[in-house]
Amino acid sequence: MSQTSKLAAPTDLSTGFQDFFDTIGLTGGGLVTKGIAAVIAVIAVRMLLQLSNDPKGALRKGSMAVGTLFVAVVLALYGDTLFSTVTNAKS
């Protein structure tokens, strides 16, 4: 006696990108915002890896890198909400 179980319901993606973004729960703007946040995070990690041996310079560059990483995290978490006010402006 075998039973078959469905892992997921079939989804029609015939209308293009709008269906795809609906399935992953993002809009096109939200996906771009997450991509920008990822690029900023990579830049911040690279800044952290290139610290110098000078303590004063390393502290300055390290604090800038941590600040940049903070901006990337905030943008990844709340970027679609922040920019939705700009894109959905009503006249």
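Refer to the structure above for everything that follows.
Residues numbered from 1 in each chain as written. Predicted model: local features only at pLDDT ≥ 70, side-chain atom pairs only at ≥ 80, totals over all residues. Heavy atoms only, no water.

A short note on the overall build of the protein chain
Phase 1 of the analysis: Scanning the protein chain from N- to C-terminus turns up three helices and zero strands.
Phase 2 of the analysis: Counting the 91 residues in the protein chain, one finds 15% classified as buried.
Phase 3 of the analysis: A fraction of 44% describes how many contacts in the protein chain between residues 6 or more apart in sequence connect residues 24 or more apart.
Phase 4 of the analysis: Approximately 7,600 Å² of the protein chain is accessible, and the part contributed by carbon and sulfur atoms is 66%. (Helix = DSSP H or I, 4+ residues; strand = E, 2+ residues; numbered from the N terminus. Buried < 20%, exposed > 50% of the residue type's maximum accessible area, 1.4 Å probe, protein only. Contact = heavy atoms within 4.5 Å. Areas by Shrake-Rupley, 256 points an atom, 1.4 Å probe, with all protein chains shown as cover.)

Re the environment of Thr33
Phase 1 of the analysis: As for its position among the elements, Thr33 is in helix H2 (residues 28-49).
Phase 2 of the analysis: Separated by 44 residues in sequence, Thr33 and Leu77 place their C-alpha atoms 9.5 Å apart.

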